[in-house]
Amino acid sequence: MNSPRHRHIIWDWNGTLLDDLDYSIAVMNTLLAPRGLPLLDRTRYHALFDFPVRSYYERLGFDYSQVSFEKLSVEFIQSYDARRLTCPLQRAAPDVLAAVQAAGLTQSILSAYRHESLQQIVGHFGLTSHFVRLAGLDNDHAHSKAELGAELVAAIGVPPREILLVGDTLHDFEVAQKLGVDSALIAAGHHPAERLRQVTDRVFADLPSWARAAGLALT
């Protein structure tokens, strides 16, 4: 998976390095319950969650004639941020990042999370030194990461064919295709393995599984 041609790893954050699946479900339920909308569990969330987030909110039953997407986005982010530091990292995430660095590859993060919040939470976990660049969006609406990703690839200065993007959603796969980089998907986050395998066979149960396939030595 990590063939010799890969010199740089672009990581997604939410769901890939950060284990925030159950937390995200719980936060969304605080928006759904007061409006009398069906609550989420893992099965329903995995079936409905997708990008663009505006369409995902519609599938949840939100009526934009009653409440704007912008207002819902702010409400979700405020609730999410209230206890975001209680989310753990995905299993072995620090060890995997250290192993990638020890193998001589550079790393960055491309996230639909707000840039300032991304910087803060990566720093909270003491991971900043692993990355040459952090790239988050400048709004709360979680639009496509493709444009931001193109800027990131240009800033990294590594040819796309030598870059691997590791994410946890179909959107991450789509972004990788648009950027012309390789991809690997981790089925421990916001999309389940069965959805991910509809688009690629490069799906791994968790970070250690990907690391082993990539030939990385974990401590």
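Before reading further, recall that the structure is shown in the block above.
Residues numbered from 1 in each chain as written. Predicted model: local features only at pLDDT ≥ 70, side-chain atom pairs only at ≥ 80, totals over all residues. Heavy atoms only, no water.

Chemist: Could you give me a rundown of the pairing of strand E5 (residues 182–186), with the residues and numbers involved?
Modeler: With 5 of its 5 residues buried, E5 lies for the most part within the structure. Neither face of E5 is exposed, since Asp182, Ala184 and Ile186 on one face and Ser183 and Leu185 on the opposite face are all buried. Crossover connection from strand E4 (residues 163–167) via helix H8 (residues 170–179) to parallel E5: handedness right-handed. Bridge count for E5 against strand E6 (residues 203–204) is 2 bridges, and the pairing is parallel. Considered in E6, the bridge of Leu185 is made with Val203. (Buried < 20%, exposed > 50% of the residue type's maximum accessible area, 1.4 Å probe, protein only. Helix = DSSP H or I, 4+ residues; strand = E, 2+ residues; numbered from the N terminus. Right-handed = clockwise from strand over helix to strand, strands pointing away. Pairing = 2+ DSSP bridges.)

Chemist: Residues and numbers for the sheet that holds strand E1 (residues 8–11), please.
Modeler: Overall, parallel pairing links the 6 strands, which are arranged E3-E2-E1-E4-E5-E6 in an open sheet. Of all the strands in the sheet, the pair left with one neighbour each is strand E3 (133–137) and E6. Along the sheet face, helix H5 (residues 93–102) touches E1 and strand E2 (106–114) and points at about 155 degrees away from the line of E1. Together, E1, E2, E3 and E4 form the strand contacts of helix H7 (residues 146–156), whose direction differs from that of E2 by roughly 155 degrees. (Contact = heavy atoms within 4.5 Å. Axes fitted to C-alpha atoms, helices over the stretch in contact; angles between N-to-C directions.)

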